[in-house]
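Breakdown of the fold
One-letter residues, chain by chain:
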Amino acid sequence: MTPPAPVDGLESVLLVVLAAATVAVTVMAITGRLGAWSTEACSTIPLAEAYVVQNDGKGPRGKRSFKALADKYHTFEQVSAALRDAGLESSDLIVGVDFTKSNIWQGEKSFAGKCLHHLDERGGHTNPYQRSLRAIGRTLEEFDDDRRIPAFGFGDATTGDKGIFTLNEQGPCHGFREVLQSYQNTVKKVRLSGPTNFAPLINAAANIARTERSFHILVIIADGQVTSKQATVDAIVRASEDA
């Protein structure tokens, strides 16, 4: 059974847990009515498509099913509690950010004509990526015991669809506050390009999990468009084989 794709037009989350306990991939697709959600508002937090894999206990080849998490949370604490109830106790985090040119086209439709990475120099407004990073931090950071978070970008003019680059040249970020700062520093100098390929990022995350031999959640924040779909699927399958 395969979970449906993230709902277009919402800020959504797709959670895929690969086999037993090695890597989880969370894709936040930022498209559509982004202006309607403020992290300070008391409206429903849009986890539009969140799934937890349940294994029948017969190992990697056992039967797996997807259990949907309810989408009626009003606080970040409720989201964290739901993840704990679903079985998440501790996990290292990895973050990937989409720097493809489609962020310009998506922003024209959903972000007042501005690129989704647009930074308000006056600090009055945050862009969808800034809001997403803050939301993820408030929801998932408490599960990461050492707060060391590798953060990567992909899809820029340097890497294209062949590789990734680090947001923080000094190494893993310490907590999501540094992830957010590293993202903002990167936006000021990066050149958007493409196409969109999640595979290099997923492969890198699998290598980190393989080396550290611990459960990891890879959070990919993107504008919703994936060009190299088969390469991405193949990367997820390869990562699951090591679980």
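For the structure given in this document, a descriptive report is provided here. (Residues numbered from 1 in each chain as written. Predicted model: local features only at pLDDT ≥ 70, side-chain atom pairs only at ≥ 80, totals over all residues. Heavy atoms only, no water.)

A tally of helices and strands in the protein chain yields six helices and 10 strands. Counting only residues that meet the buried cut, the protein chain has 53% of its 243 residues in that class. Taking contacts inside the protein chain between residues at least 6 apart in sequence as the whole, the part at least 24 apart equals 71%. Accessible surface for the protein chain amounts to roughly 12,000 Å². Of this, 50% is attributable to carbon and sulfur atoms. (Helix = DSSP H or I, 4+ residues; strand = E, 2+ residues; numbered from the N terminus. Buried < 20%, exposed > 50% of the residue type's maximum accessible area, 1.4 Å probe, protein only. Contact = heavy atoms within 4.5 Å. Areas by Shrake-Rupley, 256 points an atom, 1.4 Å probe, with all protein chains shown as cover.)

Attention now moves to the packing of helix H3 (residues 128-140) against helix H4 (residues 175-187). The N-to-C vectors of H3 and H4 enclose an angle of 165°; their axes lie 9 Å apart at closest approach. When the axes of H3 and H4 are compared, the pair comes out roughly antiparallel. Crossing hand, H3 versus H4: right-handed. Side by side, H3 and H4 meet where Tyr129, Gln130, Leu133, Arg134, Ile136 and Gly137 of the first sit next to Phe176, Val179, Leu180, Tyr183 and Gln184 of the second. Looking at the contact of H3 with H4 residue by residue, the class counts come to seven nonpolar, three polar and one charged. (Axes fitted to C-alpha atoms, helices over the stretch in contact; angles between N-to-C directions. Parallel < 35°, antiparallel > 145°, perpendicular 65-115°, else oblique. Left-handed = near helix turned anticlockwise from the far one by under 90°. Nonpolar A, V, L, I, M, F, W, Y, C, P; charged D, E, K, R; others polar.)

The next thing to look at is the packing of aromatic side chains. In the structure shown here, the tally under the stated rule is four aromatic pairs. Here Tyr129 and Tyr183 contribute two aromatic rings whose centre-to-centre distance is 6.0 Å and whose plane-to-plane angle is 25°, an arrangement assigned as stacked. Of this pair, Tyr129 sits in helix H3 while Tyr183 sits in helix H4, and the two are 54 residues apart along the sequence. Here the two residues Tyr129 and Tyr183 agree in accessibility, since each one is buried. Taken together, Phe99, Tyr129, Phe165 and Tyr183 form an aromatic cluster joined through their ring pairs. For Lys114, the ring lying beneath its charged end belongs to Phe111, and the centroid distance is 4.9 Å. (Phe/Tyr/Trp six-rings, centres within 6.5 Å; stacked < 30°, edge-to-face > 60°. Lys NZ or Arg CZ within 6 Å of the ring centre and 35° of its normal.)

Applying the stated rule across the entire model yields four salt bridges. Linking Arg122 and Asp120 is a salt bridge whose minimum nitrogen-to-oxygen distance equals 3.7 Å. Overall, Arg122 belongs to the exposed group, its relative accessible area being 77%. Across the pair Glu169 and Lys189 runs a salt bridge whose closest N-O atoms are separated by 3.9 Å. (Salt bridge = Lys/Arg side-chain N within 4 Å of Asp/Glu carboxyl O.)

Judged by nonpolar contacts, the single largest core of 33 residues is most densely connected at Phe99, Leu133, Phe176 and Tyr183. Elements represented by at least two residues in this core include exactly helix H1 (76-85), strand E5 (92-98), H3, H4 and strand E10 (216-222). Discounting residues that sit within four places of it in the chain, Phe176 has contacts with Leu93, Val95, Leu133, Ile136, Gly137, Glu141 and Ile149. Counting residues in hydrophobic clusters, the runner-up holds 15 residues, among them Phe152, Ala199, Ile202 and Ala205. (Core = buried A, V, L, I, M, F, W, Y, C linked by side-chain atoms within 4.5 Å.)

At a minimum axis separation of 8 Å, H1 and H3 run at an interaxial angle of 55°. One element, H1, and the other, H3, form an angle in the oblique class. Two packed elements cross with a definite hand, and for H1 against H3 that hand is right-handed. The segment H1 lies against H3, with Phe76, Val79, Ser80 and Leu83 engaging Ala135, Arg138, Thr139 and Leu140.

Side chains Ala151 and Gly153 of strand E7 (residues 151-154) all project onto a buried face; the interleaved residues Phe152 and Phe154 project onto the opposite face, where all are buried too. Bridge analysis of E7 against strand E8 (residues 165-166) gives two bridges, and the strand direction is antiparallel. Across the sheet, residue Phe152 finds its bridge partner in E8, namely Thr166. (Pairing = 2+ DSSP bridges.)

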